[in-house]
Amino acid sequence: MTRPPQPVSIRHPRPIVIALLAIGLVLAAQSPAQAQGPDRRIERTVPFDADGSFRIYNMTGSVRVEAWDRDSLSITGTVPGGRGNSFFFGGTRRGAKMGIEAPTDLEQQPAHLVIRAPARAHVWIKSATANVVLVGLTGGVDVFSTSGNIKFQGEPDQLNLETMDGNIDVDARGVWIRAKTASGIITLRGTGEDIAASTVSGNISLLSGGMRRARIETVSGDIAFAGTLTRDGALTVESHSGATDILLPASMDGEFDLSTYQGTIRNDFAPGKSPIAESTGMGLHFTSGDGTANVSVKTFKGAIVLRKK
């Protein structure tokens, strides 16, 4: 006699699904630090020529470069663990490249690098949000960032600093100095042969101990200059709507040319010289002493104030 077919027992998949969901929730609940693992320490020293050149790439975190009197590069810092972040270095005594590698720039976690280099070395740095600090360098320096702040102190042969949204702070004696940002604040202190600062909406402040040629440009940011020019120096200011405030020594000899289309001019430097109406707005033109230096301010609708110490 043939036995009837027996029913097949099918295990319900729901407990398995629930278990998998539970595991996923546990993994998702882990903190970023747990997911990426502990930071890794960097410690490396390599021989390097006193006037060699090196490049640094670090998108987020911080970079600090300090000058020292040794013919070598010392690199210390921390790199986040996991997620493909790693430190790379390559080069010779004349040139080297280092930085942080990640699958993409957006996936890089904050890394912090401290580099000690010969004072006369040439330095090139690129970052996105990493803050950059440079101390004591006397060679050529180039720094490019998206929104990181940049701070420099030293006597560079050539200094070029650019950031879109970050602030730039410079205390330097140099031949050629450039600082450029969009919405960040620029503060420049020191002396120089050829200095230029420009922004779109950020404020600019120059505190001069004796600049020979200084050019300041902005669209809507305010501009302040306080200090001295060399005897044959020149200060040129151009703005659309930002206010301009210039403070100079009372004994300064110079030729002054100030003009604004819709703004106002206040002259406290030479009270006997008053602005006059022009066909294109208001202008103030006069000479103090033998007029060796030159001060030129042009703005569309910003206010101009000329003061003396």
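The numbers attached to residues start from 1 for each chain and follow its sequence in the written order. For a predicted model such as this one, the threshold for reporting local features is a pLDDT of at least 70, and the threshold for listing and counting side-chain atom pairs is 80 or more; totals across whole chains, interfaces and linings nevertheless cover every residue. Side-chain measures here rest on the full set of heavy atoms in the structure, leaving out hydrogens and waters.

Visitor: Quick rundown of the overall build of the protein chain? Include the residues and the values.
Guide: The helix and strand tally for the protein chain stands at two helices and 23 strands. With a 1.4 Å probe rolled over the protein chains alone, any residue whose accessible area is under 20% of its type maximum counts as buried; one over 50% counts as exposed, and the rest are partly exposed. Taking all 309 residues of the protein chain together, the buried fraction comes to 42%. Exposure was quantified through the Shrake-Rupley algorithm and a 1.4 Å probe, taking into account, for residues, occlusion by the shown protein chains and nothing else. Carbon and sulfur atoms make up 54% of the accessible area of the protein chain, which totals about 15800 Å². Helix and strand assignments come from DSSP, with helices taken as H or I runs of at least 4 residues and strands as E runs of at least 2, each series counted from the N terminus.

Visitor: I'd like a rundown of the pattern of salt bridges, residues and numbers included.
Guide: A side chain with one charge can pair with a side chain of the opposite charge if their charged atoms come near. The term salt bridge refers to a pairing of a side-chain nitrogen on Lys or Arg with a carboxyl oxygen on Asp or Glu at a separation within 4 Å. Within this structure, the stated rule accounts for 17 salt bridges. Here Arg178 and Asp194 are joined by a salt bridge, their closest N and O atoms 3.3 Å apart. Separated by 16 residues along the polypeptide, Arg178 in strand S13 (residues 168-181) and Asp194 in strand S14 (residues 186-198) bring together distant segments of the chain. Taken together, the salt bridges that share partners define one network made up of Asp49, Asp51, Arg93 and Arg94.

Visitor: Explain the pairing of strand S2 (residues 53-57) residue by residue, including any values.
Guide: Only one face of S2 is covered, namely the face carrying Phe54 and Ile56; the face carrying Ser53, Arg55 and Tyr57 is uncovered. Following DSSP output, two strands are said to pair if at least two bridges run between them. As defined by bridge partners, S2 adjoins strand S6 (residues 95-101) across five bridges and the pair is classed as parallel. The residue bridging Ser53 from the neighbouring strand is Gly95, located in S6. Pairing geometry for S2 and strand S8 (residues 122-126), over five bridges, is parallel. Opposite Ser53, over in S8, you have His122 as the bridge partner.

Visitor: I'd love a proper account of the confidence of the model for the protein chain, names of residues and values included.
Guide: Summing up the model confidence of the protein chain, the mean pLDDT is 88 and the portion of residues at 70 or higher is 87%. Note that residues 16-35 has pLDDT below 50 and, in this model, three contacts with residues that lie over four places away or in other chains. For every residue, the pLDDT score states the predictor's confidence, bounded by 0 at the bottom and 100 at the top. Contacts between residues were defined by any pair of non-hydrogen atoms, one from each residue, lying within 4.5 Å.

Visitor: Residues and numbers for the environment of Ser241, please.
Guide: Among the structural elements, Ser241 can be located in the loop between strand S16 (223-239) and strand S17 (244-248). A relative accessible area of 30% means that Ser241 is categorised as partly exposed. Along the primary structure Ser241 and Ala303 are separated by 62 residues, whereas in three dimensions their C-alpha atoms are 7.9 Å apart. Ser241 has contacts with Val219, Ser220, Thr299, Lys301 and Gly302, leaving out every residue within four places of it along the chain.

Visitor: Pulling in residues and values, what's your account of the environment of Ser220?
Guide: Mapped onto the fold, Ser220 is located in the loop between strand S15 (204-218) and S16. For the pair formed by Ser220 and Lys301, sequence separation is 81 residues and the distance between their alpha carbons is 9.8 Å. Every residue in contact with Ser220, bar those within four places of it in the chain, is listed here: Val200, Ser201, Ser241 and Gly242.

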